[in-house]
Amino acid sequence: MRRGGVRLCVSVLTIVLFCEVGGWLNPATAQQSRRRPSSVPNPANTTTASKARTVVGPYLQQMVQLGEEALAASRAAENAATVDDVKKGAAQVFESMWGMTPADIQAGGALPFPGWKEAWQVTGAEFDSAFVARLGSNPPRITDPAKLGIEGRGRAARIGLEALAKEAEASSSQQQHITNALASLQDVIGWMELWDGVTKGERQPRVDLTRVWTSSDAFWNSTSDTGWLWEPFSQAINIMKTDYQGDVATARQHAADMTALIEKYLNGVDADNDGTISPVKMEGGLYAAVQEARAAGLIR
Amino acid sequence: MRRSRKPGPQALFAKRASFASKFDAGKHTYMNKRFSYFSLALLAFALVVWAGCAGSRQAAPPVTSQAPAIDTHTNEWITLYDGSSLQGWHQAGPGGFTQEADGSIVAHGGMGLFYYDQRPFKDFVLEYDWKAATDSSNSGVFVRFPEKTEDPGYAVNNGYEIQILGRESGNKYVTPYHTTGAIYNIQASLRKADKPAGQWNHEQVKVQGQHFQIYLNGVKVNDFFGDRGREGYIGLQNHSDRDRVWFKNIRVMPLPEGGPMNLAEYFKTDQTAQPIRVLMVTATDGFRHGAAIDTAKSVFNALSKTTELQVDFTEDINDLNPQNLSKYDVLFFNNSTLRIKADKPIPGTVGTWDLTMHSSRGDREGTFVLKESDGSYSGTIKFEGRDATELEDVTFENDHLTFNVPFGENKMPGKLDVVGDSVKGAITFRNNDVPLTGILHDGTKTAGIPEGTVLVSDAQKQAIIDFVKSGKGLAVAHAGLDAFYGWDAYREMVGGGLFQEHPWVQHVNIIVEDKDNPSTEHLGDSLGINDEIYVLDSNPRWNSHVLMSLDNQSVGIVQGPADATSNDVPISWIRKYGNGKVFVTKLGHFADNWKQPDFLQHVVQGLRMAAGRIPADFGGYRVKETIADNVWPDDIAIDERGNVWIAELQGKVHRYDAATGETTQIAQIQTTNPVNIEHGLYGIEVDPEFYSGQQYIYLYYAEPESFINTLSRFEFRDGKLDMSSEKVLLRVPTLPQCCHQSGDLEWGSNGTLMLSTGDTGMSEVRPDWENSEDSLEAFKERHNLKDLHWSRLVDSEKSAQNLQDLRGKILRINKDGSIPKDNPFYGKPGVRWEIFAYGLRNPYRFKYDSVTDKVYIGIVGPDEITTYDWYDVAEGGENFGWPRANGRLLYNEWKPEMIPNYKPPMWGYTYATGGRSASMGPIYRSDGKYAFPNAFQDKVFIYDWARKWIKWASVEPGVWTNDTTGSVKAYPYQVAIPTPRLKNIKTFDVLTDTSPISMELGPDGSLYVAEFTGFWGPAPGSKVTRYRWIDHDQPLATEPTASSTGTK
């Protein structure tokens, strides 16, 4: 089973999600409602397993909702009548990533980004004191992951999943599903964690890219191993920052490329060409993460 | 070549007697002498082999050809060998030539002489093709041997042998007098131009009168005047069975009889020309270039009869008095070693002696250096064209030196007795002594005269000064620069530098920097010559017009040192001293060079320029000015009117007003405190249309708290930056950790704005733990990283190799913030289209070259002993490899093809030679008022913050090779990738109390440097300085400056 099989697998997954999770995960419903996902507790303050159970499922569901809204917006942009309309679609994709609305979608407009504190959802206490000493004592502007789009929710969900994975009473089956959900989630959002500094001994955020060192040449030659979500995000920025000078055809093509990248992080990738998308590193996407979370009992 | 030719009995006796009389052979019996001769021959051969083994070979210079000047269209060719018939050829001596299937003939056996005996030739052009089986295959082509003969040795002694003997680099015992292109034992070849063994070479020989010119593969390899017969036969040498050399397409074209019979005829000028009266001083105190002096005297004596040069010669210093000097137009210090006293001790060096080894194959010149440290002695011995060999077991007591010279697994004992400024002794090989003699070159001992002895009186010195300053000429050749060390005026006259060492006695390629000068216009791009090349203790480039300089690649220095070493070796220059005109050349060590027409023409024209008879540009001098000393500059930008915009790391912005010379603070931007994390205000640029209404200044800085690096545009109003006018063009999110922010701003093609961004990785990447497998494993164990792939220990994969991230990149945007559609990744889905190049660690400074449309980048590497800083160049889309590659290291056993779009470096250097911060300066192109000379045009400037030097270099095609050993995970196989390389890297200046941190080219050709002190905060001494080139006719400084320094 090759590409057709992948599509079939993804379709089945979508149906399962629709049936099991509820109608609000239906892409059509989400597209129509355009409602914001509701807020959930900050996992930075709820990292015990029991509390994590309350947040991981909703965060993952909201991520799917935002992703599918972005997909719909991108597909609409592919058929937009004007360059401005294409850019509006790109702006929505941009917003899905970090929850920030671009103030100016014209070519020369500056795009907002979360500062490092917002991006990290920390107060500073997590870091080494020497590191904190350099940062000032002001708290982050935003402390709620739900205000930070797919990426903010994903990072919060990751913290919860890690806490659940360490839960002593979890069955081996549950742990496997949680591990699978983590792997798939990481493919989407990338991941960072706190490490002790190597030589300076400071506890700082570092990238954990894959932990897979027997990867194929294709992996090493890729340039997107910090999370597939960053690809449509980059494409959305590109579209907004390009002066198309009325060339809507080119803008639409760029939107079509954006659509394919969104589908990638939602559906995953059949990296080993075995005809299926497994919930593992380099294959599982957001749907796979939700499916595995559900199998682990985190989504009812 | 006659390497194995045996002398007849009489010759043997004569050689033996001569040797015995010189070197105490009286103790030997006749039989002993006979044995001794054989042994000495063997010994001489072995010593020459050893001398050849003593170091690495010189690199073959890139041949900058001189087009052959042979007109072959006027007469008929006579085919001597057409590929089928050898009729008309005669073999003398053993061996011969056999025909091959391709129509060529190949030598076998020998030694023999195979010649065309049908007729002799007088003036002619001879052409032939040849190829050699190996680099050591020996043969030659004979011309003008006057008689038919059965003696194969006759041709070499009575005609001329145009030598064929492979490439010098592949042959251990060949001097420039015995290598391809040489006239065997008569005239050294000018340069190496032969192709590798196995390839056909095309050679042309033009003989007219007594003027011989040899062109090999289109390049002049010899040019001399003979003194043997006017007519003779043409032949080939079959040297031995080992020396397989093929010939084909042999033909000759007789020319009408004529041509110069000697140099005097060749240089003959209109006798009505006003005489140029020259006093050539050849007095010496110290090493005497006796043969060169004698030849030069003979040649100039002859020229005095046929040219306007009227040359007198003196060995008497007393002739340097006002009355006598008044008779002359030019004073010519030619090989006038006049040390007065050797007052230039080299720390730790007891002495340096110019050495001569007297072997049966002739004399060979070299150098012997003796050093002392804490009572222990060491030293080196070196012979011409070879690297120095470290001596072993050195003792020095009561002026008696003993030592051992390593030779393979053996040692050759040596001894030298020091007597005054001379040494005498021998090296012993297989119980036979090969004599050595030498004379002190410099050191702590006096040079043959008591300390304080005055050779030239104050009155004589003043007479010379007055003579030159009055508008007369001064010429200096070779050892004339080994003179008058304690006399500052002489030093100044010749350009500021005097002899320091002569590292190269060999074939060199001399680059002609000014092809329009009367003394060089006949040379084309370069001069090939066999000579002794001086390195001076100060570079005359900064106050002279350099005409020619050493092609460093011809002495094996392909790129250059990463330390403060000058690596800049001007060979000839002219300059002004007062109203006087000065011509200096370092050449002229060997006697035969004074008979070499190209070199002699250079000197003759130099004398004419010094005499003021032919006009020339005598150049100017470099001046350095401090223009702002009340700033702590991090980055600077220059506008079209020469105003300087200055950014400080802690947020201050200043403007230097070129019209008033005043510097004013114009802004204080709110940014992150840079202490410990390197964040702050990084870069500044000024809009190229600033004076056309767009008065914008562009700043790249870190937003406080958010740690988002931000590129913004501000309006300049009423002498200040209007901070409320900020328009954010680009945001680059980062982390609040040290370091590698980069942040240089430059204007790119089509009005785009370019920005360098660092990987923002921790400085701890690639630390010492990678130096051994054990330390690597211990590190991973200590940090619980055993399951982590080694390469992923490096943070920078997330930034430098990640095309969704703007860090570790060169970025390119339109100046309104939009994305240019000609960016390399434009249209590629899912990657940021602002990216121009990637895989960079800390590209602290870069420059765009509008002429080549390329971006040159200096990249700071990790703080680890085997890692590199490096320089590179981008045209768009390149991946410079970090953190998968670093300089010459391919980490993680990666092959280059595993790094997409990989571009290897132009040059790099490691921590092994000290701290480093590779930074890119301007690509110099200017014809402005203060523009530097032509030699600087099209060159790139580079500088290093840590090492404090500023260098200039050319960008040329080359090959990058990887370092297979610098890391335990380095790719273990040698890789060679053709790529542009920095070559002829030379030092422009070395700062002392400050470090160069930014460098720009001004609209008038001035070079501006931001000089930095302190680290995270300001420190006294920081400033902005400016280098300018001032023509001799210009005033020293034309605008207000804080201070100026320069040598006129």
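Residues numbered from 1 in each chain as written. Chains lettered and ligands numbered in written order. Predicted model: local features only at pLDDT ≥ 70, side-chain atom pairs only at ≥ 80, totals over all residues.

**Structural notes on the overall build of chain B**
And step 1. Across its full length, chain B carries 10 helices and 58 strands.
And step 2. Taken over 1048 residues, chain B has a buried fraction of 54%.
And step 3. Considering only residue pairs separated by 6 or more positions, chain B has 68% of its internal contacts joining residues 24 or more positions apart. (Helix = DSSP H or I, 4+ residues; strand = E, 2+ residues; numbered from the N terminus. Buried ≥ 20, exposed ≤ 12 C-beta atoms within 10 Å, placed from the backbone. Contact = placed C-beta atoms within 7 Å.)

**Structural notes on the confidence of the model for chain B**
Caution applies to low-pLDDT regions: their predicted coordinates should not be interpreted in detail.
Residue and element names in this part refer to chain B.
And step 1. Chain-level pLDDT for chain B is 85 on average; 84% of the residues reach the 70-or-more range.
And step 2. Between residues 341–347, whose pLDDT stays under 50, and residues either more than four places distant or in other chains, the model counts 17 contacts.
And step 3. Within the model, the stretch residues 763–767 combines pLDDT values under 50 with 19 contacts to residues more than four positions away or in other chains.
And step 4. Prediction confidence for the complex, expressed as pTM and ipTM, is 0.81 and 0.84 respectively. (pLDDT = per-residue confidence, 0-100.)

**Notes on the nonpolar core**
And step 1. Core analysis: the largest hydrophobic core is formed by 134 residues, its most contacted members being B:Ile234, B:Val278, B:Val330, B:Leu331, B:Phe332 and B:Leu607.
And step 2. Residues in contact with B:Val278, not counting those within four places in the same chain, are B:Leu309, B:Gln310, B:Val311, B:Tyr328, B:Asp329, B:Val330, B:Phe332 and B:Leu607. (Core = buried A, V, L, I, M, F, W, Y, C linked by C-beta atoms within 7 Å.)

**A short note on the sheet that holds strand 8 (residues 160–165) of chain B**
Residues and elements named next belong to chain B.
And step 1. Strands sit in the order 2-5-12-7-8 across an open sheet of five strands; the sheet is antiparallel. Looking along the sheet, the strands with just one partner apiece sit at the ends: strand 2 (89–92) and strand 8. Across this sheet, the average inter-strand angle for adjacent strands is 20°, counted without regard to direction.
And step 2. As defined by bridge partners, strand 7 (residues 138–145) adjoins strand 12 (residues 232–238) across three bridges and the pair is classed as antiparallel. Residue pairing across strands places Phe-142 opposite Gly-235, the latter belonging to strand 12. (Pairing = 2+ DSSP bridges. Axes fitted to C-alpha atoms, helices over the stretch in contact; angles between N-to-C directions.)

**Points about the environment of B:Tyr81**
Residues and elements named next belong to chain B.
And step 1. The residue Tyr-81 is located in strand 1 (residues 78–81) in this model.
And step 2. Taking the C-alpha atoms as reference points, Tyr-81 and Tyr-116, separated by 35 residues in sequence, lie 9.1 Å from one another.
And step 3. Each residue touching Tyr-81, except ones within four places of it in the same chain, is listed here: Leu-86, Ile-105 and Ile-250.

**Looking at helix 9 (residues 597–610) of chain B**
Residues and elements named next belong to chain B.
And step 1. Helix length check: helix 9, at 14 residues, gives a terminal C-alpha distance of 20 Å against a target of 20 Å (1.5 Å per residue), a fit within 8%.
And step 2. Counted residue by residue, helix 9 has 11 buried out of 14 residues, so it is predominantly covered.
And step 3. The complete set of buried residues in helix 9 reads Phe-599, Leu-600, His-602, Val-603, Val-604, Gln-605, Gly-606, Leu-607, Arg-608, Met-609 and Ala-610.
And step 4. Phi turns positive, to about 80°, at Gly-612, one or two residues after helix 9. (Expected span 1.5 Å × (residues − 1).)

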